[in-house]
Protein chains: 2
Amino acid sequence: MKLTSEDAFLELIDKHFPRENQFLKMGRGDDCAVIRGGSDLCVSSDLFLEDVHFRRGYFGAEDIGYKALAVNISDIAGMGARPLGFNMDLMIPWGLDRDYWNAFFKSMASLARQNDLILAGGDLSLADKLGVSITIWGAAGPGGKFIPRQKGQPDDIIFTCGDLGLARVGLLSLEERGLDARTSYPQSVNAHLRPKPKSMVSTLLSAAGINCLMDVSDGLARDLPRLLGPHNGADITIGDDMIPSEVRTYAQAKDVAPEELVFLGGEDYALLGTADETTFLEKVAGIPGIRKIGIVTDKAITLNGEEYRRQGFDHFG
Amino acid sequence: MKLTSEDAFLELIDKHFPRENQFLKMGRGDDCAVIRGGSDLCVSSDLFLEDVHFRRGYFGAEDIGYKALAVNISDIAGMGARPLGFNMDLMIPWGLDRDYWNAFFKSMASLARQNDLILAGGDLSLADKLGVSITIWGAAGPGGKFIPRQKGQPDDIIFTCGDLGLARVGLLSLEERGLDARTSYPQSVNAHLRPKPKSMVSTLLSAAGINCLMDVSDGLARDLPRLLGPHNGADITIGDDMIPSEVRTYAQAKDVAPEELVFLGGEDYALLGTADETTFLEKVAGIPGIRKIGIVTDKAITLNGEEYRRQGFDHFG
């Protein structure tokens, strides 16, 4: 059965997403929703478009519904914040049946529920291709502050949480072989289709009082300079323990350096932050999944001892 | 010159849109922007997509930039609220040069400035067609409350502010004849390309303390039942004075009833509200542009004395 009217879509959305929670004064169904006032809110928007960010050939409806929201939750995690609600603008191509959209919304709603996130509103439109634009907002974590970029000082420790390079191998192998890539690169494919926002670690980092954090969505090579800002550099070490085994296998098969795959990455949805040495040793190092990858300097960026030209993934490249 | 990198776009955006104002604690450039806390916020999202909501054949870059934001401001006006900020997700097709985007942003930024609206963030992506997804937020107007739908009671006065049907004639004539339609239907074309959100009147209605308001974006025939809710009806009179002269001319040329064009409408971006008779007479009737169009009943909807079947513009139709 096809969904042929706006009302049928709205009914399906109502089936999966509650209309209100404690963070909304008024939910979906009016010109606007009303967010309960109080503390500062952080806000971010991300596009998730067919044939740009995903392909329907190897993304199931449930993967698309999941990832469209997950990448937005990751932006909130990159502020050390807690997501509260989101709006969704949905671009709907012809020819997808009710089961497809049911799977899409069900998967997204499940992720929303896990994060206590309310769908506050949005817009629906026909379009040539499937696309999702989500705007998400959140409140500061237990540390009481939003954690910005560019606050690191020379000698601060640089750390990550989350695998780097795995999602890149997932994307490359999916583009080469479609879902057959799952046989050789199951973790990589999963990292690309179903990235896990690092919300729990973000909360712990907020509580630890670190002062510089972001989410790595365009790859370490491109996002590290954004973390550091114009005046700092970094000495980065990508050791053997940072190279996921599938990345090593893929690198070997393609005769490229595995460190390059890790450093270029892309769509890792890891966290990247800095902390002074004391804070790092006393409060950060013990958080599960945290890995020291280098230190802030006042010189250029070096990777395993060699200067690295600044590059990475440009969405327009 | 083409804009070939994300950075070039961000630079152009920075040229037109300031990064911060008093309503933001932190502006563009991090994972999120931070909205200063305090009062409740209303929030809304709208899509504005090429070949669905506009055609590049007769929408100039400056019309697209303007209207994408204007339709969102209208949603805030529909709550009797004051817009504060917005996020923009922008879908960018190849082949449009810097002058094009400069005109697009310049026009949008001018409208934002007139409304004291800050661009807080967003996302950029290549896409097959041009598209804009904007999420806008605002604070309550001088009445201190957001004005919802479905609060009208039988015998309340129903009123509008803004021409109905003109944008529909604009759309139809533009689709038929492209920009040549300007010769015969200049006001209609302008109503479709450059709708004016009724922000000033919305503010006055908030101050007047009315309790039911919305913006008419899908046409009166479709939006009136949304205003009334499931239990109320209305007796609507579309008198001669409500029919813009271009609508009358177009109706004559096409041999249709002009009232039908007014009632079906679509993309009018007018305001539609109700008030009890005393409030209406004492506080609303004198607001410039307000026009009484009928009364709330507990029966069906009638138009000029005859029962009207509920229909209107379905974005999926």
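These lines cover the structure that appears in this document, whether it is placed above or below.

Below, the discussion takes up the overall build of chain A. Scanning chain A for helices and strands turns up eleven helices and 13 strands. Computed over the C-alpha atoms, the radius of gyration of chain A is 20 Å, within 12% of the 20 Å expected from 2.2 N^0.38 for a compact globule of 317 residues. Sorting the 317 residues of chain A into buried and exposed places 60% on the buried side. Considering only intrachain contacts with a sequence separation of at least 6, the fraction spanning at least 24 residues in chain A is 82%.

Moving on, we come to the relation of the copies chain A and chain B. For the pair chain A and chain B, the superposition axis carries a translation of 0.0 Å, the fit reaches an RMSD of 0.0 Å, and the rotation angle comes to 180°. Those values place the two copies in the arrangement expected of a two-fold rotation axis. When each C-alpha of chain A is compared by its distance to the rotation axis, A:G38 comes out closest, at 2.4 Å. Of the interface residues in chain A, 100% have counterparts in chain B that sit at the interface too, so the contact is made through matching surfaces.

The next point concerns the interface of chain A and chain B. Note: interface size is frequently given as the accessible area lost on complex formation between the parts. Facing 61 residues of chain A, the contacting portion of chain B comprises 61 residues. At the boundary of chain A with chain B, total buried surface from both sides reaches about 4,900 Å², with 52% on carbon and sulfur atoms. With a closest N to O distance of 3.0 Å, B:R149 and A:D31 form a salt bridge. Where chain A touches chain B, the interface holds 27 residue pairs in polar contact (both at pLDDT 80 or more).

One face of the sheet, then the other: side chains in a regular strand alternate in exactly this way. Residues and elements named next belong to chain A. Counting buried residues along strand β5 (residues 118-126), eight of its nine residues qualify, which places the element largely inside the surrounding structure. Across eight bridges, the pairing between strand β4 (residues 81-92) and β5 is parallel. Each residue of the ladder has a partner; that of M91, found in β5, is S125.

What follows deals with the nonpolar core. A:F86, A:M88, A:W101, A:F104 and A:F105 are the most contacted members of the largest nonpolar core, which has 48 residues in total. Of all elements in the fold, only α1 (6-16), β3 (41-49), α2 (61-77), β4, α3 (98-114), β5, β6 (131-140) and α6 (186-193) of chain A reach the threshold of two or more residues within this core. In this structure A:F104 touches A:A61, A:I64, A:G65, A:M88, A:L90, A:L130 and A:V132, once residues within four positions along its chain are discounted. If you look at the next biggest cluster of nonpolar residues, it comprises 47 residues, including B:F17, B:Y66, B:F104 and B:I136.

Bringing the sheet that holds β3(A) into the picture now. Read from one edge to the other, the open sheet built from six strands follows the order β5(A)-β4(A)-β6(A)-β3(A)-β2(B)-β1(B), with strand pairing classed as mixed. Lying at the two open borders of the sheet, with one neighbouring strand each, are β5 of chain A together with β1 (24-26) of chain B. Pairs of neighbouring strands in the sheet enclose a mean axial angle of 25°, with direction left out of account. The sheet contacts of α1(A) involve β4 and β5 of chain A, and relative to β5(A) the element is tilted by about 155°. Packing of α2(A) onto the sheet brings it into contact with β3, β4 and β6 of chain A, and relative to β3(A) it is tilted by some 145°.

A few words on the packing of aromatic side chains. Geometry of an aromatic ring pair is reported as the spacing of the ring centres plus the angle between the planes. On inspection of all chains with the given rule, the structure shows 30 aromatic pairs over all chains. Aromatic side chains A:F17 and A:F105 sit 6.3 Å apart centroid to centroid with 85° between the ring planes, which places their arrangement in the edge-to-face category. Residue A:F17 is located in the loop between α1 and β1 (24-26), and its partner A:F105 is located in helix α3; the two are separated by 88 residues in the primary sequence. Here A:F105 falls in the buried class, since its relative accessible area comes to 0%. When the centroid spacing of 5.1 Å and the interplanar angle of 70° are considered together, the rings of B:W101 and B:F104 count as edge-to-face. Residue B:W101 and its partner B:F104 are located together in helix α3 (residues 98-114), separated by three residues, close to a single helical turn. A residue is classified by how much of its surface remains accessible, and B:W101, at 0% relative accessible area, is buried.

Let us now look at a negative patch on the surface. Taken together, the side chains of A:D155, A:D276, A:E277 and A:E282 define an acidic patch exposed on the protein surface. Owing to a relative accessible area of 47%, A:E277 belongs among the partly exposed residues under this scheme.

A separate point is the side chain of A:S74. All names here are of chain A. Positionally, S74 belongs in helix α2. Assessed through its relative accessible area of 1%, S74 is described here as buried. Here S74 is in contact with P197, D215 and Y269, once residues within four sequence places are set aside.

Once that is clear, we can look at the packing of helix α4 (residues 166-177) of chain A against helix α9 (residues 245-254) of chain A. All names here are of chain A. Across the interface, α4 lies against α9 with an axial gap of 9 Å and an inter-helix angle of 50°. Comparing their axes, α9 and α4 come out oblique. The interaxial crossing formed by α4 with α9 has left-handed handedness. Facing α4, whose interface residues are L166, V169, L172, S173 and E176, α9 presents E246, V247, Y250 and K254. In terms of residue class, the contact of α4 with α9 is built from five nonpolar, one polar and three charged.

Moving on: the pattern of salt bridges. All told, the structure shown has 38 salt bridges over all chains when counted by the stated rule. Between A:R194 and A:D63 there is a salt bridge, with the nearest N and O atoms lying 2.7 Å from each other. One end of the pair, A:R194, is in the loop between α6 and α7 (199-208); the other, A:D63, is in helix α2, and 131 residues separate them in sequence. Accessibility expressed as a relative area gives 24% for A:R194, which makes it partly exposed. In this structure, the salt-bridge partner of B:R226 is B:D223, at a minimum N-O distance of 2.7 Å. Taken together, the positions of B:R226 and B:D223, both in helix α8 (residues 220-228) and three residues apart, correspond to about one turn of that helix. Judged by its relative accessible area of 1%, B:D223 falls in the buried class. Because the salt bridges share partners, they merge into one network encompassing A:D51, A:R55, A:K129, A:E175 and B:D128.

With respect to the secondary-structure elements, B:T237 resides in the loop between β9 (233-236) and α9 (245-254). Once the C-alpha coordinates of B:T237 and B:G294 are considered, the two residues, 57 residues apart in sequence, prove to be 5.8 Å apart.

Let us now look at the environment of A:L10. With respect to the helices and strands, the residue A:L10 is situated in helix α1. Along the sequence, A:L10 and A:L124 sit 114 residues apart, while their C-alpha atoms lie 9.0 Å from each other.

Procedures and definitions
Position labels on residues start from 1 in each chain and follow its written sequence. Naming scheme: in the order in which they are written, chains are lettered from A and ligands are numbered from 1. In keeping with the predicted nature of the model, local features appear solely for residues at pLDDT of at least 70, side-chain atom pairs appear and are counted solely at 80 or more, and the whole-chain, interface and lining totals rest on all residues. Heavy atoms throughout the structure, all of them, feed into the side-chain values; hydrogens and water do not. Each helix is a run of DSSP H or I of at least 4 residues and each strand a run of E of at least 2, with the numbering of both proceeding from the N terminus. For a compact globule the rule gives 2.2 Å times the number of residues to the power 0.38, and the radius of gyration it is set against comes from C-alpha atoms. The rule is simple: take the accessible area with a 1.4 Å probe, protein chains only, and divide by the maximum for that residue type; under 20% is buried, over 50% is exposed, in between is partly exposed. Any two residues whose heavy atoms approach within 4.5 Å at even a single point are treated as in contact. A least-squares fit on C-alpha atoms brings the copies together, and the residues used are those whose pLDDT is at least 70 in both copies. Accessible-area loss on putting two parts together, using a 1.4 Å probe and summing over both, is the definition of buried area adopted here. Just to be clear on terms, a salt bridge is a Lys or Arg side-chain nitrogen sitting within 4 Å of an Asp or Glu carboxyl oxygen. Any N or O atom pair separated by 3.5 Å or less is treated as a polar contact, with the protein-specific requirement of one donor-capable and one acceptor-capable atom, and with residues adjacent in sequence counted only for side-chain atom pairs. A pair of strands counts as paired when DSSP detects no fewer than two bridges linking them. In this text, buried Ala, Val, Leu, Ile, Met, Phe, Trp, Tyr and Cys residues form a nonpolar core when linked through side-chain atoms within 4.5 Å. A fitted line through C-alpha atoms represents every axis, and for helices the fit uses only the stretch in contact; the resulting angles, taken between N-to-C directions, go from 0 to 180 degrees. Ring pairs shown here join Phe, Tyr and Trp side chains whose ring centres sit within 6.5 Å, with only the six-membered ring taken for Trp; geometry is labelled stacked below 30 degrees between planes, edge-to-face above 60, and tilted in between. Here, patches come from residues exposed beyond 30% relative accessible area and free of salt bridges, joined within 9 Å for like charges and within 5 Å for nonpolar side chains (Val, Leu, Ile, Met, Phe, Trp, Tyr). In this description, accessible areas are obtained by the Shrake-Rupley approach with a 1.4 Å probe, and a residue is regarded as covered only by the protein chains that are shown. His is not counted, nor are the chain ends, whereas Lys and Arg count as positive and Asp and Glu as negative. Here the site of a charge means NZ on Lys, CZ on Arg, CG on Asp, or CD on Glu. Orientation categories follow fixed angle ranges, with anything under 35 degrees roughly parallel, anything over 145 roughly antiparallel, 65 to 115 roughly perpendicular, and all other angles oblique. Crossing handedness is defined as follows: a turn of the near helix away from the far one that is anticlockwise and smaller than a right angle gives a left-handed crossing, while the clockwise case is right-handed. Residue type decides the class: Asp, Glu, Lys and Arg count as charged, Ala, Val, Leu, Ile, Met, Phe, Trp, Tyr, Cys and Pro as nonpolar, and the leftover types, Gly among them, as polar.

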